[in-house]
Amino acid sequence: MSEKPRPTWIDVSQAGDVAVVHVTRSAATADGGFATEVRRALFNLVDERGVRKLVLSFANLEHLSSTFLGTVIAMHKRVRGAPGRMILCEVDPGIYEVFEMTKLDKIFTVLPLEADALQAIDADAVETLCPVHGCGAWGTSVHTILLASSTRLLPWSITCPECGARFDVDGESPVAGAASLVARKVSLGTYDGERVEVYYQSEWSNCPPRGVYVVELVGRLDLFAADILERAWLTVPPPRRVVIDLRKAVELTGPGADMVRELCARGEDDSRTAVLVGKEKPELAAALTGWPAVHDDPAAAVRALGEIPAEAKRPLTVAIRPAGK
Amino acid sequence: MLPKGEVGADFVEAVPRGDQLVLAVGDAPGTGLKGGFVARFVGNLFRRLVKQAGALQLAELLTELNRELSAHDYFEAVSMQCVALDPRGGILAVANAGCPYPVLYSSRRGRCDRLPVRGEVICSPLQDPHAPPRYEQRRVEMGPGDVLVLLSDGLIEGHARRAEGYGYRFLPLVEQNASRGARAVGEAILDAWRAHPRPGTYADDVTVVVMAVPLGEPAATQEVRR
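These numbers were taken from a predicted model, which means no experiment stands behind them.

1. Topic: the nonpolar core
Across soluble globular proteins, you tend to see nonpolar side chains buried next to one another. Residues and elements named next belong to chain A. Counting residues in each nonpolar core, the largest one holds 46 residues, and the members touching the most others are F167, V186, V215, L221, L229, L246 and L288. Looking at this core, the elements with two or more residues in it are β9 (166-169), β10 (180-189), β11 (195-199), β12 (213-221), α7 (223-235), β13 (241-252), α8 (254-265) and β16 (317-322). Discounting residues that sit within four places of it in the chain, L229 has contacts with V196, V215, L221, I244, M259, V260 and L263. Formed by 32 residues, the second largest nonpolar core is a distinct cluster that contains L54, V72, A74 and M75.

In structure tokens:
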């Protein structure tokens, strides 16, 4: 009786000193003893063949078992300990979402295309420090890896692998030798498609003077979003001059209104806060009726903050450093 | 719960605590007896930590669980999420360690939301011993008529391509069946999941926990179904 041929677990090609590994479907779903064979085949690249630069392509994958995910994690550890570098590429968005949920995006370097990975494997990446209050995580992103060698960057955004906040960095920021970049906007997700954003320079047509931050809520303001709103408010460097912009809010629940009220009342670090609501949402305005801090005109909201102290006139910054420090 | 093999490695733990109900859903690695043993061990440990805790902070509880399991080489990565419902206040606390985002149906809005609460798996082999994972506890309002769905990654087939895995296709089912109670919602989800076309057999244990607050009754009377 003829034996069923063993499947090919990995397909390895060489690009200079970089091993490009295409994982097969059978490898990504192997179980039991086969899973051990897959692990051994990958480990052999590092242990026997001395590979130190590895691009792992998921292009062929329709499915990724938990066991294989464990193998990728173990492989990452092995390559890093060699020491070497491993980059993942061609990862399906559904699989990448799992990396995000489990914060594996904090650990793995994942780039869209194989060409990106080959370009980035020798790049000196930089890490950025998340400016969100209470986070303070250092992280890399596609942009920090691919553009690290640039002296000037196009506008780009970074997603913090720890808290998930996205911050847009000023395109005019010099990178080489810089200790920090200017963040134009920080976006903190609430529900799918909803968020709280912190602007240093507002996108309003009648832009308020420097020193006033806008904390804008897009979507619902309930208890779930209220905690994020507070985090956004705390992200503004003191002494805070903040306009909470609720013109894109679609709903305001009791705990959401309580949070707005509490932030307006906070005077810590000489903070002052005003609220902006839209005239076209009378039900929302009605919920806040009687609050002296509530306005329906941007200029009036800014005026309500009073004089802007010189210390408030500084942008939100993002510290940077070479990766791996 | 639909185990992949004879012994499942998913677990569910429900712990009453004063006026609160604390729930955990998790997924231990592997299959067979070892997976089943680890799942039960983690469930029991979770129960003990809930009972011992002073003020219940779910994020701290996951941190402690991670610390205890990471101290033993025997354990591998475990994903789990936990919630604590305070029915009097109508507040649900949520913390996550690598599980798919839970789903909350709001009867007031007639719609479902995923609750994006992130967190690293417990006992991850990539953990930096000098910088253990940080978990966050989020709060959300939950009142009469609302339905919470907790799930393991076997249900969404999270490691499959988005186009082919089951994903979060069940959201309309929750919206359609919310008024019929937790059991009806759970059965509708599992029926649809079984009927979903997929190559070969399913790859992981599947667990769904549905918690519904009945309409027209005080929030304090909770209906819990597995």
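Moving on, there is more to tell.
2. Overview of the sheet that holds strand β1 (residues 10-15) of chain A
What holds strands together in a sheet is hydrogen bonding between their backbones, with the strands either parallel or antiparallel. Residue and element names in this part refer to chain A. Strand order in the open sheet formed by five strands is β1-β2-β3-β4-β5, with mixed pairing between adjacent strands. With partners counted over all chains shown, the strands left at the sheet margins are β1 and β5 (109-111), one partner each. For this sheet the average axis-to-axis angle between neighbouring strands, irrespective of direction, equals 25 degrees. Here strand β3 (residues 53-57) pairs with strand β4 (residues 85-89) via five bridges, running parallel. Bridge pairing in β4 links K53 to R85. Running at roughly 145 degrees to β4, helix α3 (residues 66-81) makes contact with β2 (18-23), β3 and β4 of the sheet.

3. Notes on the packing of aromatic side chains
For the structure shown, the criterion picks out eight aromatic pairs over all chains. Geometrically, the ring pair formed by F37(B) and Y74(B) is edge-to-face, given 6.1 Å between the ring centres and 80 degrees between the ring planes. With F37(B) in helix α1 (residues 32-52) and Y74(B) in the loop between α2 (58-70) and β3 (79-86), the pair connects residues that are 37 residues apart, well separated along the chain. F37(B) sits in the partly exposed class, given a relative accessible area of 45%. Ring centres of Y74(B) and F75(B) lie 5.5 Å apart, and the angle between their planes is 90 degrees; this geometry places the pair in the edge-to-face category. Residue class for Y74(B) comes out partly exposed when judged on its relative accessible area of 40%. Residue classification places F75(B) among the buried residues on the basis of a relative accessible area of 9%. Ring-pair connections join several aromatic residues into one group, and the members of that group are F37(B), F41(B), Y74(B) and F75(B). Over the ring of F43(A) we find R78(A); its NZ or CZ atom is 4.0 Å from the centre of that ring. Above the face of the W233(A) ring, R240(A) is positioned so that its terminal group lies 4.5 Å from the ring centre.

4. Regarding α2(B)
An α-helix turns once per 3.6 residues; consequently, residues spaced three or four apart project the same way. Across its 13 residues, α2(B) extends 18 Å between first and last C-alpha, which sits within 8% of the 18 Å expected from 1.5 Å per residue. Taken together, the buried residues of α2(B) touch β2 (20-27), α1, β3 and β4 (91-97) of chain B.

5. Structural notes on the pattern of salt bridges
By the definition in use, this model includes 28 salt bridges over all chains. K248(A) serves as the salt-bridge partner of E216(A), at 3.5 Å between the closest nitrogen and oxygen. Linking E216(A) in strand β12 with K248(A) in strand β13, this pair joins segments that are 32 residues apart in sequence. Judged by its relative accessible area of 6%, E216(A) is buried. Accessibility expressed as a relative area gives 45% for K248(A), which makes it partly exposed. Where E262(A) meets R266(A), a salt bridge forms, and the shortest distance between an N and an O atom there is 2.6 Å. Linked through salt bridges whose partners overlap, the residues forming this network are E194(A), R220(A), E251(A), R108(B), R109(B) and D113(B).

6. Some details on the packing of α1(B) against α2(B)
Residue and element names in this part refer to chain B. Running from amino to carboxyl end, α1 crosses α2 at an angle of 130 degrees, the nearest separation of the two axes being 10 Å. Between α1 and α2, the angle falls in the class oblique. In the packing of α1 onto α2, the handedness of the crossing is right-handed. Mapping the contact onto sequence places F41, V42, L45, F46, R48, L49 and V50 in α1 and L61, E64, L65, E68 and L69 in α2.

The rules behind each value
- Residues numbered from 1 in each chain as written.
- Chains lettered and ligands numbered in written order.
- Predicted model: local features only at pLDDT ≥ 70, side-chain atom pairs only at ≥ 80, totals over all residues.
- Heavy atoms only, no water.
- Core = buried A, V, L, I, M, F, W, Y, C linked by side-chain atoms within 4.5 Å.
- Buried < 20%, exposed > 50% of the residue type's maximum accessible area, 1.4 Å probe, protein only.
- Helix = DSSP H or I, 4+ residues; strand = E, 2+ residues; numbered from the N terminus.
- Contact = heavy atoms within 4.5 Å.
- Pairing = 2+ DSSP bridges.
- Axes fitted to C-alpha atoms, helices over the stretch in contact; angles between N-to-C directions.
- Phe/Tyr/Trp six-rings, centres within 6.5 Å; stacked < 30°, edge-to-face > 60°.
- Lys NZ or Arg CZ within 6 Å of the ring centre and 35° of its normal.
- Expected span 1.5 Å × (residues − 1).
- Salt bridge = Lys/Arg side-chain N within 4 Å of Asp/Glu carboxyl O.
- Parallel < 35°, antiparallel > 145°, perpendicular 65-115°, else oblique.
- Left-handed = near helix turned anticlockwise from the far one by under 90°.

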